[in-house]
Amino acid sequence: MSGADLADLAERLDEAERTRTAIPQVVSQSGADADQAYRIQAALVALRMHRGERLAGLKLGLTSRAKMVQVGVDQVIWGRLTDAMRIEDGGTVDAGRYIHPRVEPEVAFRLDADGNATAVAPALELIDSRYADFRFTLPDVIADNTSAAGFVVGAWQPLPAGLDNLGVLLEVDGRVAQIGSTAAILGDPRRALTAAATLASSAGVPLEDGWVLLAGAATAAVPLAPGAHVRAVVEGLGTASLRAL
Ligand code: OOG
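Calculation criteria
- Residues numbered from 1 in each chain as written.
- Predicted model: local features only at pLDDT ≥ 70, side-chain atom pairs only at ≥ 80, totals over all residues.
- Heavy atoms only, no water.
- Helix = DSSP H or I, 4+ residues; strand = E, 2+ residues; numbered from the N terminus.
- Rg over C-alpha atoms; globule rule 2.2 N^0.38 Å.
- Buried < 20%, exposed > 50% of the residue type's maximum accessible area, 1.4 Å probe, protein only.
- Contact = heavy atoms within 4.5 Å.
- Areas by Shrake-Rupley, 256 points an atom, 1.4 Å probe, with all protein chains shown as cover.
- Lys, Arg positive; Asp, Glu negative; His and termini not counted.
- Charge placed at Lys NZ, Arg CZ, Asp CG, Glu CD.
- 1 Å grid on protein atoms, 1.4 Å probe; cavity = no way out; pocket = protein on both sides within 12 Å on 5 of 7 lines; lining within 4 Å.
- Points joined across faces, edges and corners; volume = space filled by probe spheres on them.
- Nonpolar A, V, L, I, M, F, W, Y, C, P; charged D, E, K, R; others polar.
- Near = heavy atom within 4 Å.
- Polar contact = N/O pair within 3.5 Å; in protein donor to acceptor, adjacent residues only side chain to side chain.
- Sits in = over half its atoms within 2 Å of the grid points.
- Core = buried A, V, L, I, M, F, W, Y, C linked by side-chain atoms within 4.5 Å.

Undergrad: Any chance you could explain the overall build of the protein here in plain terms?
TA: Counting its regular elements, the protein contains six helices and 13 strands. What you see for the protein is a C-alpha radius of gyration of 17 Å, in line with the 18 Å of a compact globule of 245 residues. C-alpha extents for the protein along the principal axes are approximately 50 × 40 × 35 Å. Looking at the 245 residues of the protein, the share that counts as buried comes to 52%. By sequence separation, contacts in the protein at least 24 residues apart represent 73% of the contacts at least 6 residues apart. Split by element, the accessible area of the protein, about 10100 Å² in all, is 49% carbon and sulfur. Taking the 22 positively charged and 30 negatively charged side chains of the protein as two groups, their mean positions are separated by 3 Å.

Undergrad: What's the story with the layout of surface pockets in this structure? I'm lost.
TA: A probe as big as a water molecule, rolled over the atoms, marks out the empty space that is left. Taken as a whole, the largest pocket spans an internal volume of roughly 190 Å³. Lining of the largest pocket is provided by 14 residues; of these, Glu17, Arg48, Arg97, Tyr98 and Ala149 occupy positions nearest its centre. Residue assignment for the lining of the largest pocket shows that the elements contributing at least two residues are α1 (3–19) and β7 (148–153). Counted by class, the lining of the largest pocket contains six nonpolar, no polar and eight charged residues.

Undergrad: Honestly, the site of the ligand in this entry has me stumped. Any pointers?
TA: Close to the ligand lie 17 residues, the nearest being Lys59, Leu62, Lys67, Ser147 and Ala217. In the environment of the ligand, an oxygen atom lies 2.9 Å from a nitrogen or oxygen atom belonging to the side chain of glutamate 104. One nitrogen or oxygen atom from the side chain of glutamate 106 is found 3.1 Å from an oxygen atom belonging to the ligand. Of the pockets mapped on this structure, the ligand occupies the largest cavity.

Undergrad: So what exactly am I meant to see when it comes to the nonpolar core here?
TA: Nonpolar side chains tend to gather and get buried jointly when the protein is soluble and globular. Ranked by size, the top nonpolar core spans 51 residues in total, and within it Leu13, Val27, Ile40, Phe109 and Leu213 carry the most contacts. The contacts of leucine 13, once residues within four sequence positions are left out, are Ile23, Val27, Ile40, Leu44, Arg130, Tyr131, Ala143 and Asp144. Counting 18 residues, the second-largest nonpolar core is a separate cluster that includes Ile87, Tyr98, Ala149 and Leu170.

Here it is in structure tokens:
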């Protein structure tokens, strides 16, 4: 696959996002493998940066069994977060800006330039696959920047002694929609730190002090409906919330 073909697929995904129009699984249909898909992802995020966005961190995806089962892809993947994806804690988002948005409860780390965690926080991730029916294969979802669309980080906390078995709730309009544990995230969300440092260095992405790392969802994702108030609660860490318009 030529560089021009990779750039063309990045353009297709970028246009799908900007026009809120789902597309077929063009990346797997092109025969691209996971390595080529990461090059498409880099080109896709470069288009956003040319429009003035700045990298704000990294995310891991499919770090829990619940997520792997939900989307039928069983490998850990990673993507890039930009400042434009950041949603203030307790803030609002226009659900109509997305194709078929979903939310999921996460744990976020604040990183230093060596990839160490300097703080931890409860978080919500807003994902929005650019593929029709939210269906994709591994190369598709990698190229689509792992469905990244938005993220909310709650109040930063000092790292507690243990992070490996904290209860996690996803509430929608005050009702529990998903229940899980931080143990679902790679057995211990701190493993996301090593995984992210390794992945970023193999991709030649230097980590920056203050970046956010989303460790991956602890439960399956739920659809984000207009008007919904969504809150992630992580035992001992607090909450992160958003309201959809
Ligand atoms: C892929 C992204 C998954 C997570 O936290 O597991 C993800 C998707 O479900 O569309 O972000």
